[in-house]
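Now for the letters of each chain:
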Amino acid sequence: MSTYTLDDEIILEEDNIQVTKSFSADELAVPVIRLRITSEHDTARNIQVTDTLPPSFSMDDIGFHPKYDKDRWTAYQDGQIVYERTISPGETVETVYGIRIDDPDEASPFMRTPELTVSENKSDIEAPAQEAITSIEDIAPIEQSQSVKDMLSTTGPGESAVEQSSTTIPEGTSQSQSGSPDVAQHASSSNPSAEADTSSSSTLVSDITDEIQSGEVDEDEIEQLREALGLEVSRSVNAKIDHLQKRVENIAAYESALEKLVDAARDDTLADLEKNTSELAKEVNRLDRRLDEIETKLSERDVNTRLDSLAADVNRLEAEFESDDLPDAQEVDELATQVDNLTETIDQQQEQLDEFRAWREQLSDMFSE
C-alpha cells in the first residue's frame, strides 16, 4: 500500500474517469477531504467512490457540505462512506467531507486510496452489503453545525446555555433520529428549496443565540448539547492543559522562593552596610581626636619651645657680636646646623599637619553627602 502525506494528491483512474483525492486544512470552516472527479469519456457514466474511515474515527467525526453534493453521500455501519452520481462527458465535479480534528496531522490516516467503480448503467453498481447508518440528509452540514459549535464554545461560567428538547438523545443515536431540535434536522428539511433550508438553519441559530443570552438554561443542559455536538475536549488537549498548569505552578513556586531569597540577601546587605558605616564613623571620630591632639602638641610644646630657644641663641649671638667676643668658626657652624635642623623639623610637622587637615575634610565631605 502506498504511503501519502497531507500535501500529496492521490489519483486513480478507471474507464476514462479520474478521481483526485486531497486534504485541505483551512479552505472551508473545518478541515476537509476533497474529491475532484473528471470525465474524459464520450458518454455519461455512473460512478461510485467508496472511502473508508480510519479505525480511530467514527461517523460522529465527519460531516458533509450542502454545496458539495451532500445528498449524494451515504454512510454505512462498517465505516464506509459512499459517493454516487452520474457524470457527463467532459464534466468535472467536486465534493468534500469534513473531519473533526484538533491538529492537521491527525488527518494523515485519511490519506489512502479510495475505491472507484464506473458503469454505464446505474443498476450495475452494487451497494455495500452493510446497512446504511442514516440517510446522508441526517448528517449535519459542516458550516452550519460549526457555527453552533463556535458559539457554544464561547459560553463561559455564569452565561446561559441552549435549552434542549425534553427528550434526551440516547447514546449512539444521531441527533436527527432522536427528534431533538439539532442543526441536522433543520438543515435537512423536507422542503426541497435550498433557500428554505438556509432560512430554517439561520432561524435555529438565531433562536439558540437568544436562549443563550436570556439565561434560562442551566449548565447541565448546555453540557449535554456540547457532548452531542462533539465539543468535549480531547485527552491530548487535557494532557497539555494539565502540563501547562503544572508548569505555571512550578514557576509560581520558584518566583516565591526567589523573592524570599532576594529579600534575605537585601536585609543581610543592609545590615552589613549599616555595621560598616557605624565602624567607619567611629574610626573617623578617633582620627579626628588624634589630629586635634597633634595640633595641640605642635602649637603648645615643640614649636614654641624651639622658637624660644632660637630667640635666646640669637640674643646671645648679638651680645657676643657687640662685645667683640665673637664665637669661633666651629661654634658658628654648629649653630647654623641647629637652625637648619629646627627649620626642617618645623617644615615636616607643618606638612603632616596639612595632610591631616586635608584628610579630615575629605571624610567630613563624604559623611555629609
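Residues numbered from 1 in each chain as written. Predicted model: local features only at pLDDT ≥ 70, side-chain atom pairs only at ≥ 80, totals over all residues. Heavy atoms only, no water.

Visitor: Quick one: what's the story with the overall build of the chain, residue by residue and with numbers?
Guide: If you tally the helices and strands in the chain, you get seven helices and ten strands. Split into buried and exposed, the 369 residues of the chain put 30% on the buried side. Long-range contacts, defined here as pairs at least 24 residues apart, represent 74% of the contacts in the chain between residues at least 6 apart. Counting every atom, the chain has about 23,500 Å² of accessible surface; 47% of that belongs to carbon and sulfur. (Helix = DSSP H or I, 4+ residues; strand = E, 2+ residues; numbered from the N terminus. Buried < 20%, exposed > 50% of the residue type's maximum accessible area, 1.4 Å probe, protein only. Contact = heavy atoms within 4.5 Å. Areas by Shrake-Rupley, 256 points an atom, 1.4 Å probe, with all protein chains shown as cover.)

Visitor: Explain the pattern of salt bridges residue by residue, including any values.
Guide: This model, assessed by the stated rule, comprises twelve salt bridges. In this structure, Asp 15 and Arg 45 form a salt bridge, with 3.4 Å as the shortest nitrogen-oxygen distance. With Asp 15 in the loop between β1 (10-14) and β2 (17-24) and Arg 45 in strand β4 (residues 45-52), this pair connects stretches of sequence that are 30 residues apart. With a closest N to O distance of 2.7 Å, Glu 27 and Arg 34 form a salt bridge. Classification of Glu 27 by relative accessible area gives partly exposed; the value is 46%. Overall, Arg 34 belongs to the buried group, its relative accessible area being 6%. One continuous salt-bridge network, built from bridges that share partners, spans Asp 69, Arg 72, Arg 85 and Glu 91. (Salt bridge = Lys/Arg side-chain N within 4 Å of Asp/Glu carboxyl O.)

Visitor: I'd like a description of the sheet that holds strand β3 (residues 32-39), backed by residues and values.
Guide: Taken in spatial order, the five strands make up an open sheet running β1-β2-β3-β8-β5, and their pairing is antiparallel. The open sheet has two free edges, formed respectively by β1 and β5 (62-64), since each of these has just one partner strand. Across the sheet, the axes of successive neighbouring strands diverge by a mean angle of 20°, strand direction being ignored. Looking at chain direction, β3 and strand β8 (residues 92-99) are connected through seven bridges and run antiparallel. Note on β8: the bridge partner recorded for Ile 33 is Tyr 97. (Pairing = 2+ DSSP bridges. Axes fitted to C-alpha atoms, helices over the stretch in contact; angles between N-to-C directions.)

Visitor: I'd like a description of the packing of aromatic side chains, backed by residues and values.
Guide: Using the criterion set out here, one finds six aromatic pairs in the structure. Arranged with centres 6.4 Å apart and planes meeting at 55°, the rings of Phe 64 and Tyr 97 form a pair that is tilted. Of this pair, Phe 64 sits in strand β5 while Tyr 97 sits in strand β8; the two residues are 33 residues apart in sequence, bridging distant segments of the chain. Tyr 97 gets classed as buried once you look at its relative accessible area, which sits at 1%. For the ring pair Trp 73 and Tyr 97, a centre distance of 5.6 Å and an interplane angle of 75° mean the geometry is edge-to-face. Taken as a pair, Trp 73 in strand β6 (residues 73-76) and Tyr 97 in strand β8 lie far apart in primary sequence, 24 residues in all. One aromatic cluster in this structure is built from Phe 57, Phe 64, Trp 73, Tyr 83, Tyr 97 and Phe 110. (Phe/Tyr/Trp six-rings, centres within 6.5 Å; stacked < 30°, edge-to-face > 60°.)

Visitor: An account of a nonpolar patch on the surface is requested, with residue identities and associated values reported.
Guide: A cluster of nonpolar side chains, Tyr 254, Leu 258, Leu 261 and Val 262, forms an exposed patch at the surface whose accessible area comes to about 420 Å². Assignment of secondary structure puts Val 262 in helix α6 (residues 235-322). What makes Val 262 partly exposed here is its relative accessible area of 49%. (Patch = residues over 30% accessible without salt bridge, like charges linked within 9 Å, V, L, I, M, F, W, Y side chains within 5 Å.)

Visitor: A description of unusual backbone geometry should follow, citing residues and the corresponding values.
Guide: Within the chain, Asp 15 stands out as a residue other than glycine whose phi angle is a positive 50°. Classification of Asp 15 as partly exposed rests on a relative accessible area of 37%. Even without glycine at this site, Asn 16 takes up a positive phi of about 65°. By secondary structure assignment, the location of Asn 16 is in the loop between β1 and β2.

Visitor: Tell me about the confidence of the model for the chain, and please be specific about residues and values.
Guide: Residues shown with low pLDDT carry predicted positions that ought not to be read at fine detail. Per-chain confidence: the chain averages 75 in pLDDT, with 68% of residues scoring 70 or above. Note that pLDDT drops below 50 for residues 135-194; the model gives that stretch 127 contacts with residues more than four away or on any other chain. (pLDDT = per-residue confidence, 0-100.)

Visitor: Any details on the side chain of Thr 20? Residues and values, ideally.
Guide: Considering the arrangement of structural elements, one finds Thr 20 in strand β2. Residues in contact with Thr 20, not counting those within four places in the same chain, are Glu 9, Ile 10, Ile 11, Arg 34, Leu 35 and Arg 36.

Visitor: Describe the side chain of Asp 51, listing the residues and the values that go with them.
Guide: Position of Asp 51 among the secondary structure elements: in strand β4. Side-chain polar atoms of Asp 51 contact the side chain of Tyr 97, separated by 2.8 Å. Residues within four places of Asp 51 in sequence aside, it is in contact with Lys 21, Gly 79, Gln 80, Ile 81, Tyr 97, Arg 112 and Pro 114. (Polar contact = N/O pair within 3.5 Å; in protein donor to acceptor, adjacent residues only side chain to side chain.)

Visitor: Can you break down the pairing of β3 residue by residue, with the values?
Guide: When you tally the buried positions in β3, you get seven out of eight residues, the bulk of the element. When β2 meets β3, the two strands line up antiparallel, connected through eight bridges. Paired with Gln 18 across the strands is Thr 38, a residue of β3.

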